[in-house]
Amino acid sequence: MSERNAVITGITGQDGAYLAQLLLEKGYRVHGTYRRASTDNFWRLEALGVAEHPRFSFAELDLTDMGAAIRLLERTGPQEVYNLAAQSFVGVSFDQPRTTSEITGIGALNLLEAVRIVDPRIRFYQASTSEMFGKAQAVPQNEQTPFHPRSPYGVAKLYAHWMTVNYRESYDIFGTSGILFNHESPLRGLAFVTRKITDAVARVQEGRQDLLELGNLDARRDWGYAREYVEGMWQMLQADVPDTYVLATGRTASVRDFVTMAFRAVDVDLDWRGQLEEEVGVDAATGRTLVRVNPQFYRPAEVDLLIGDASKARDNLGWQAKTSLEALCRMMVETDLERVRGGQSQ
Ligand code: NDP
Ligand code: GDR
């Protein structure tokens, strides 16, 4: 069989790096797209040995530029396109709703149009999200659960999801939508809550930070390990027919639970005192305040409870989450400890 060729948009992000590594291991030629910036953001790709791999190349693409997307597919001739690029931070989407819509929503349409124009046989993966369930109408959430997004990000992703389904139905394009619940790793961006927490635990432990300020401690998420989720993306594009799949662990925990777990990983037991905006997390042994609520991190509308049912992916693809939240949290804390001790910034 000839060499398989894939395009991954959003290569500089967490999932882009892991997916590129996976596809290279499987023998693919990988074109990873990034947008021009004044400084390079390739640290994840360097950490995983992707950047220097002989079958990997960088391609410039801003997802808001449809013409550039068309030329990219003409030039690279992929069999598979994974659309991972997005303005992916929910909090920022409230401040930048239009930019978010253009990148996260219309950006996906640009790529679908490029597939339709250049080669409708290209298999297309859309990075959809549990944020589309938002104010969830059922527990747990699966492919049949109605959508009710609670942020401009969630709304933009829902548009991209329905466009993918529509291109599947209208033009027979192999458009698959993976509704992925939160997935984390040591490569997670520092703005997202799990990594913000594990980074802070490492800094507090090393005496580089006094305390950790967070927003809503009661939000509950279904957190899995990113490496396993990119495997699921690939499996979706190897299926006989395009479809929509949920990937999740089936377990939920609160932000407060995750903080407790992260401090536990460095042998600190937290006591929680006070309520709502007054709540603090205190070192049970010393009485020192290590965690404080800061309403600055609240969102105008919150997604309170996410827990996914991935049984369709298990039955049709053989996919299942394996890593426990405790193991994931410990892995992130340990990596952050090493990094903080080594003086690295990310
Ligand atoms: P990241 O935020 O780590 O990565 C997002 C990527 O999109 C970055 O490479 C970023 O580039 C790129 N990007 C942003 N704007 C543009 C643009 N205008 N043109 C081209 N590229 C752009 O996200 P993750 O890796 O965590 O997630 C991957 C995808 O999966 C995203 O679409 C996300 O919304 C979605 N998702 C993620 C989940 C998760 O828990 N991680 C769960 C469900 C869905 P730059 O480095 O230049 O900013
Ligand atoms: P989320 O992830 O919004 O679920 O989107 P994030 O880690 O940002 O928030 C999770 C929950 O934690 C609460 N929270 C805080 N969040 C952040 N970032 N910072 C804080 O200080 C803080 N305090 C409390 C939030 O309110 C929220 O309830 C992620 C992204 O990767 C999306 O792109 C993806 O689609 C979804 O996961 C699934």
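Note: the structure precedes this text.
Every chain is numbered independently, its residues counted from 1 as its sequence is written. By the order in which they are written, chains take letters starting at A while ligands take numbers starting at 1. Only residues with pLDDT of at least 70 are given local features in this predicted model, and only at 80 or more are side-chain atom pairs given and counted; all residues enter the totals for whole chains, interfaces and linings. Values reported for side chains reflect all heavy atoms of the structure, with hydrogen atoms and water molecules removed beforehand.

Would you take a moment to explain the site of ligand 2 for this structure?
We call a residue near a molecule or strand as soon as one heavy atom of that residue lies within 4 Å of the molecule or strand. Of all residues adjacent to ligand 2, which total 22 residues, the nearest are Ser88, Thr129, Tyr153, Arg299 and Glu302. The side chain of Asn182 places a nitrogen or oxygen atom 2.9 Å from an oxygen atom of ligand 2. Side-chain atoms alone can form a polar contact between residues adjacent in sequence; in general such a contact is a pair of N or O atoms within 3.5 Å, and within protein one must be able to donate a hydrogen while the other accepts it. Within the backbone of Val193, an N or O atom sits 2.7 Å from an oxygen atom of ligand 2. Here the Shrake-Rupley method, with its probe set to 1.4 Å, supplies the accessible areas, and only the displayed protein chains count as covering residues. Here ligand 2 loses 95% of its free accessible area of 700 Å² to cover by the protein chains. Grouping the constituent residues of the shell around ligand 2 by class yields 10 nonpolar, 6 polar and 6 charged. Residues are sorted three ways: Asp, Glu, Lys and Arg are charged, Ala, Val, Leu, Ile, Met, Phe, Trp, Tyr, Cys and Pro are nonpolar, and all the rest, Gly among them, are polar.

Would you take a moment to explain the environment of Phe297 for this structure?
Mapped onto the fold, Phe297 is located in the loop between strand 15 (289-293) and helix 10 (311-317). Working definition: with a 1.4 Å probe on protein chains only, accessible area under 20% of the residue-type maximum means buried, over 50% means exposed, and in between means partly exposed. By relative accessible area, which is 35% here, Phe297 ends up partly exposed. Taking the C-alpha atoms as reference, Phe297 lies 39 Å from Glu25; in sequence the two are 272 residues apart. Throughout, a residue-residue contact means that at least one pair of heavy atoms, one from each residue, lies within 4.5 Å. Setting aside anything within four residues of it in sequence, one finds Phe297 in contact with Lys196, Glu213, Leu214 and Gly215. By definition, any uninterrupted DSSP run of H or I lasting at least four residues is a helix, any uninterrupted run of E lasting at least two residues is a strand, and each is numbered from the N terminus.

So what exactly am I meant to see when it comes to the packing of aromatic side chains here?
Any two aromatic rings considered together are summarised by their centre-to-centre distance and by the angle between their planes. To pair, rings of Phe, Tyr and Trp, with the six-membered ring standing in for Trp, must have centres within 6.5 Å; the planes then decide the type, stacked if under 30 degrees apart, edge-to-face if over 60, and tilted in the middle. The final tally for this structure, using the stated rule, is 12 aromatic pairs. With a centroid separation of 5.4 Å and an interplanar angle of 85°, the aromatic rings of Tyr34 and Phe42 are classed as edge-to-face. Here Tyr34 falls in the buried class, since its relative accessible area comes to 17%. Judged by relative accessible area, Phe42 falls into the buried class, the value being 12%. With centroids separated by 5.1 Å and ring planes inclined at 80°, the aromatic side chains of Tyr229 and Trp319 adopt a geometry described as edge-to-face.

Honestly, the site of ligand 1 in this entry has me stumped. Any pointers?
In the vicinity of ligand 1 lie 26 residues, with Thr12, Asp15, Ser88, Tyr153 and Lys157 positioned nearest. Leu63 places a polar main-chain atom, nitrogen or oxygen, 2.9 Å from a nitrogen atom of ligand 1. Contact with the protein chains hides 89% of the accessible area of ligand 1, taken as 900 Å² for the molecule alone. Looking at the shell around ligand 1, the elements that each hand over two or more residues are helix 1 (14-25), strand 5 (123-129) and helix 6 (152-171). Per element, the largest residue contribution to the shell around ligand 1 is 3 residues, and it comes from strand 5.

Is there a simple way to explain the pattern of salt bridges in this structure?
As a working rule, side chains carrying opposite charge can pair if their charged atoms are close by. Any carboxyl oxygen of Asp or Glu that lies within 4 Å of a side-chain nitrogen of Lys or Arg is treated as forming a salt bridge with it. Inspection of every chain in the model, using the stated rule, returns 23 salt bridges. Between Asp336 and Arg195 there is a salt bridge whose closest N-O contact spans 2.8 Å. Taken together, the residues span a long stretch of sequence, with Asp336 in helix 11 (residues 325-342) and Arg195 in helix 7 (residues 193-205) at a distance of 141 residues. When its relative accessible area of 2% is taken as the criterion, Asp336 is described as buried. A relative accessible area of 0% means that Arg195 is categorised as buried. The partner of Arg292 in a salt bridge is Glu213, with the nearest N and O atoms 2.7 Å apart. Of this pair, Arg292 sits in strand 15 while Glu213 sits in strand 8 (residues 212-214), placing them 79 residues apart in sequence. Residue class for Glu213 comes out partly exposed when judged on its relative accessible area of 24%. One continuous salt-bridge network, built from bridges that share partners, spans Arg195, Asp199, Arg203, Asp336 and Arg339.

Please clarify how the nonpolar core should be interpreted in this entry.
Across soluble globular proteins, nonpolar side chains have a tendency to be buried as a group. Only buried Ala, Val, Leu, Ile, Met, Phe, Trp, Tyr and Cys residues count toward a nonpolar core, and they belong to the same one when joined by side-chain atoms within 4.5 Å. Counting 80 residues, the largest nonpolar core has Tyr82 and Phe263 as the members making the most contacts within it. When sequence neighbours within four positions are dropped, the list of residues in contact with Tyr82 reads Ala6, Val7, Ile8, Thr9, Leu19, Leu23, Tyr125, Met233, Trp234, Leu237 and Gln238. One finds Leu63, Ala85, Leu111 and Val115 within the second-largest nonpolar core, a separate group that totals 20 residues.

Where do I start with unusual backbone geometry in this structure?
Most peptide bonds are trans, and most residues other than glycine sit at a negative phi. A cis amide bond, omega -5°, links Val139 with the succeeding residue Pro140. Examined against the element boundaries, Pro140 turns out to sit in the loop between strand 5 and helix 6. One non-glycine residue, Asp172, lies in positive phi territory at about 60°. Look at Asp172 and you get exposed, because its relative accessible area is 68%.

Sorry if this is basic, but what is going on with the sheet that holds strand 15 here?
Sheets are built from strands that pair by backbone hydrogen bonding, the pairs being arranged parallel or antiparallel. Judged by pairing direction, the sheet is mixed, and its 4 strands sit side by side in the order 8-15-14-13 without closing on themselves. The two strands at the open ends of the sheet, each matched to only one other strand, are strand 8 and strand 13 (270-273). Taken pair by pair, the neighbouring strands of this sheet meet at an average axis angle of 20°, ignoring direction. Sheet topology note: the strand 8/strand 15 ladder contains 3 bridges and is parallel. For Leu212, the partnering residue across the bridge sits in strand 15 and is Val291. Axis lines are fitted through C-alpha atoms, for helices just across the contact stretch, and the angle between N-to-C directions can take any value from 0 to 180 degrees. Packing of helix 9 (residues 255-264) onto the sheet brings it into contact with strand 8, strand 13 and strand 15, and relative to strand 13 it is tilted by some 150°. Whether two strands pair comes down to DSSP finding at least two bridges between them.

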